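Inside the fold
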Amino acid sequence: MKSILHPLRAALVALCAASALAAAPAASAADYPARTISLIVGYPAGGSLDLTARLLGEELGKRLGQTVVVENVGGAGGTIGAQRVARAAPDGYTIFLGSTNEMVIARMINTAVKYDSAKDFTALGLVASQPMLLAASKNSGVKTAADYLKKLRGADAGTFNYGSSGVGTTLHLAGEMINQATGTRAEHVPYRGVSPLVTDLMSGQLDYGMLVLSSGLPQVRSGNIVALGLTENKRSPAAPEIAPLAATPGFESVDINLWFALYGPAGLPEPVVTKLRTVLDETLKSEPFRNKMQDAGGEVAKPGVDMVAYQAEETKKYGALVKAAKIEAQ
């Protein structure tokens, strides 16, 4: 009898253990969050994405009842931070504030990017966006978008240039959208960051520059550079005095922005997804958060945007721009 009961007993023990393991994720998800959450940003501290993450993390932490710590994991245009989150345990304790650059464009132009942003992440929601700014050097004599168009249409291709923060960035592709929309050809000059770009724009070594609004606005208001228009087809609450480029004949099809969205690794348990989306929606409705984002140059998204569908549309748009600009994957 003993020889028969022993294997039965072992089987029952194994079954109970398996049941306990299966129930563990559900139980931990129901208790989420029970400890500090890491909010990864793929860029160094100080930029618009980092500032958004810090404002967002503070608000999420209040609503979740846990500390949300922003971790800057810079390098490779934000893709190192994105890769870290793609490989993280799907438990909700490592989340990511991603942008257009690393979540849409990077894989199109960089063969070293191995993650698939549509498959390797759980999209939690759109957070905010910023228009970009086409600015001119004061030495250019150009004061309006109409001046820009007149000057470039009367010049040979390559006579004038524009700077951005790097090849294949949202800023670069916004410049290419302007080239296509207007039938002009300003040559792209990539920079390593905003500071050297602004320095050359102020000195006149660079004719025009594409800047994120929050980066360019202080220089415009101090009179160091000239604002020609915003890349989004509406005025920004952060700078209502600057008209959209699309309001000027010849620029009508220019409509592009830089967006920020919240993600987790693929496979997040549904209770965790529900909780994170709920507190995100509450944050987006918060008047203090909206005001702080506006002061920083951003516009908070409406709650409930279908991020999967939105990202798919953005991927189509940027894919067409990359192809038209003949940017080869490296």
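Keep in mind the model is a prediction, meaning the values are calculated, not measured.

What about the overall build of the chain?
In terms of regular secondary structure, the chain is built from 11 helices and 10 strands. Its C-alpha atoms give the chain principal-axis dimensions of roughly 100 × 40 × 30 Å. Split into buried and exposed, the 330 residues of the chain put 49% on the buried side. The long-range fraction of contacts in the chain, counting pairs at least 24 apart against all pairs at least 6 apart in sequence, stands at 77%.

Quick look at the side chain of Thr100
In this structure, Thr100 sits in helix α4 (residues 100-109). Excluding residues within four positions of it along the chain, Thr100 makes contact with Ile105, Thr170, Asn257, Leu258, Trp259 and Tyr318.

Points about the domain arrangement of the chain
Along its sequence, the chain is carved into domain 1 (37-130 + 257-325) and domain 2 (131-247). On the domain 2 side, the residues contacting the 19 residues of domain 1 number 17 residues. Summed over both partners, the interface of domain 1 with domain 2 comes to about 1,500 Å²; 63% of that surface belongs to carbon and sulfur atoms. As a salt-bridge pair, Glu299 and Lys234 come within 3.3 Å of each other at their nearest N and O atoms. The tally of links between domain 1 and domain 2 comes to five residue pairs in polar contact (both at pLDDT 80 or more). Put simply, the parts of the chain that give the side of domain 1 that touches domain 2 at least two residues each are α4, β4 (121-137), β9 (257-265) and α11 (307-324). Tallying contributions element by element places α11 first for the side of domain 1 that touches domain 2, with five residues.

Rules and cut-offs
Residues numbered from 1 in each chain as written. Predicted model: local features only at pLDDT ≥ 70, side-chain atom pairs only at ≥ 80, totals over all residues. Heavy atoms only, no water. Helix = DSSP H or I, 4+ residues; strand = E, 2+ residues; numbered from the N terminus. Buried < 20%, exposed > 50% of the residue type's maximum accessible area, 1.4 Å probe, protein only. Contact = heavy atoms within 4.5 Å. Domains from an automatic or database assignment. Buried area = accessible area lost by both parts, 1.4 Å probe. Salt bridge = Lys/Arg side-chain N within 4 Å of Asp/Glu carboxyl O. Polar contact = N/O pair within 3.5 Å; in protein donor to acceptor, adjacent residues only side chain to side chain.

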